[in-house]
Every structure is written in C-alpha cells, then in structure tokens.
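Coordinate inspection notes
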Amino acid sequence: QVQLVESGGGLVQAGDSLRLSCVVSGGTFGTYTMGWFRQAPGKERGFVSSITKGGSITTYADSVKGRFTISRDNAKTTVYLQMNSLKPEDTAVYYCAARRQGSTTYRLASGYDYWGQGTQVTVSS
C-alpha cells in the first residue's frame, strides 16, 4: 500500500518561507512523477508544481513560478516544496501526489494515483 505523508505546514507571515516535505512509502518512489497541489476554502484543488522521476524536469503554476521550488531525494523517498516570499493568497491545504505512468511532469490532478492527507499553510498579511 502506497502512503504519502506531508509535513512542514504552518502559520507564517507574508514574505516568510516554508518547506513542505512528503515522504512516500510502500511503493517504488523512483518511478513516480510527483506533484504538489493546493486547495483553498471554496475552491477546487489546483496544480502547484510537478517533478519527473529523475528530478531533471520541473513545472510550476504561473502563480508560484520564481517563488516555489520543487525537488526530490529518491534515496529518502521524499519530495519537497520550498516556498519563499509567501503571500496570503498562498493560504491553502497542500497535497502531494504520485503518478505511476509517464515520464514527464503532469498538471492534472486526475492523472495522479496516490495522494497524501494534506498539510495546512496559512499566510497572514
């Protein structure tokens, strides 16, 4: 059974930084494309970032490009999301997800097979 566990969320002020982590167990992490998504109250879950299984290709939503960085450590079966210059509009529950098929990054939530439980990020103004 594949499990994803996120951590690192919290309450910060605008301009601060956070690093989210997502540890994957029970599967073959090194073969998965990984993604980060977020969902704010009253909104649909939206794409944040994705990274290929080897880590060589990354993709970002326009709203976070230049502020967020996705990375992965296959030896630790962990994917990270470094979030800098946080804004109040970044407030959401952040989810990591794993996609079994494909060799490129992927933006659609429906294409991911496994999900974590989410971690809350709240940015105050």
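Not measured: the values here are computed from a predicted model.

With that out of the way, let us pick up the overall build of the chain. Within the chain, the regular secondary structure consists of zero helices and eleven strands. By the compact-globule yardstick of 14 Å for 125 residues, the chain fits well, its C-alpha radius of gyration being 13 Å. Referenced to the eigenvectors of the C-alpha coordinate spread, the extents of the chain come out at roughly 40 × 30 × 25 Å. Expressed as a percentage of the 125 residues in the chain, the buried residues total 42%. Pairs at least 24 residues apart make up 58% of the contacts formed inside the chain by residues separated by at least 6 positions. Working note: accessible area of the chain is about 6,200 Å², and carbon and sulfur atoms make up 46% of it. In the chain, which carries 13 positive and 8 negative side-chain charges, the distance between the mean positions of the two groups comes to 5 Å.

Another aspect to go through is the nonpolar core. Met34, Trp36, Val79, Leu81, Met83 and Tyr94 are the most contacted members of the largest nonpolar core, which has 32 residues in total. Every residue in contact with Met83, bar those within four places of it in the chain, is listed here: Asp16, Ser17, Leu18, Leu20, Arg67, Phe68, Tyr94 and Val121.

Side chains Leu4 and Glu6 of strand 1 (residues 3–7) all project onto a buried face; the interleaved residues Gln3, Val5 and Ser7 project onto a face where none is buried. Bridge count for strand 1 against strand 3 (residues 18–25) is five bridges, and the pairing is antiparallel. Note on strand 3: the bridge partner recorded for Leu4 is Val24.

Another aspect to go through is the side chain of Thr33. Looking at the element boundaries, Thr33 is found in strand 4 (residues 33–39). At 3.2 Å, the side chain of Thr33 and the backbone oxygen of Thr104 are in polar contact.

Turning our eyes to something else, we now look at the state of the cysteines. Applying the stated criterion across every chain, the model contains one disulfide. The disulfide that involves Cys22 links it to Cys96, with 1.9 Å between the sulfurs. Here the S-S torsion is close to 45°, and the disulfide linking Cys22 with Cys96 is therefore right-handed. With a gap of 74 residues between them, Cys22 in strand 3 and Cys96 in strand 9 (residues 92–99) connect regions that are remote in the sequence. For the pair Cys22 and Cys96, a shared accessibility class is recorded, and that class is buried.

Strand order in this open sheet of four strands is 1-3-8-7, and the pairing throughout is antiparallel. In this open sheet, the two strands that pair with only one neighbour each are strand 1 and strand 7 (68–73). With strand direction ignored, the average angle separating the axes of adjacent strands in the sheet is 15°.

By the secondary structure assignment, Asp113 is in the loop between strand 9 and strand 10 (114–115). A relative accessible area of 34% means that Asp113 is categorised as partly exposed. For the pair Asp113 and Ser125, spaced twelve residues apart in sequence, the C-alpha to C-alpha distance is 35 Å. The contact partners of Asp113, leaving out residues within four places of it in the chain, are Ala98, Arg99, Arg100 and Gln101. Within polar-contact distance, the side chain of Asp113 engages the backbone nitrogen of Arg100 at 2.8 Å.

What counts as what
- Residues numbered from 1 in each chain as written.
- Predicted model: local features only at pLDDT ≥ 70, side-chain atom pairs only at ≥ 80, totals over all residues.
- Heavy atoms only, no water.
- Helix = DSSP H or I, 4+ residues; strand = E, 2+ residues; numbered from the N terminus.
- Rg over C-alpha atoms; globule rule 2.2 N^0.38 Å.
- Buried < 20%, exposed > 50% of the residue type's maximum accessible area, 1.4 Å probe, protein only.
- Contact = heavy atoms within 4.5 Å.
- Areas by Shrake-Rupley, 256 points an atom, 1.4 Å probe, with all protein chains shown as cover.
- Lys, Arg positive; Asp, Glu negative; His and termini not counted.
- Charge placed at Lys NZ, Arg CZ, Asp CG, Glu CD.
- Core = buried A, V, L, I, M, F, W, Y, C linked by side-chain atoms within 4.5 Å.
- Pairing = 2+ DSSP bridges.
- Polar contact = N/O pair within 3.5 Å; in protein donor to acceptor, adjacent residues only side chain to side chain.
- Disulfide = S-S within 2.5 Å.
- Axes fitted to C-alpha atoms, helices over the stretch in contact; angles between N-to-C directions.

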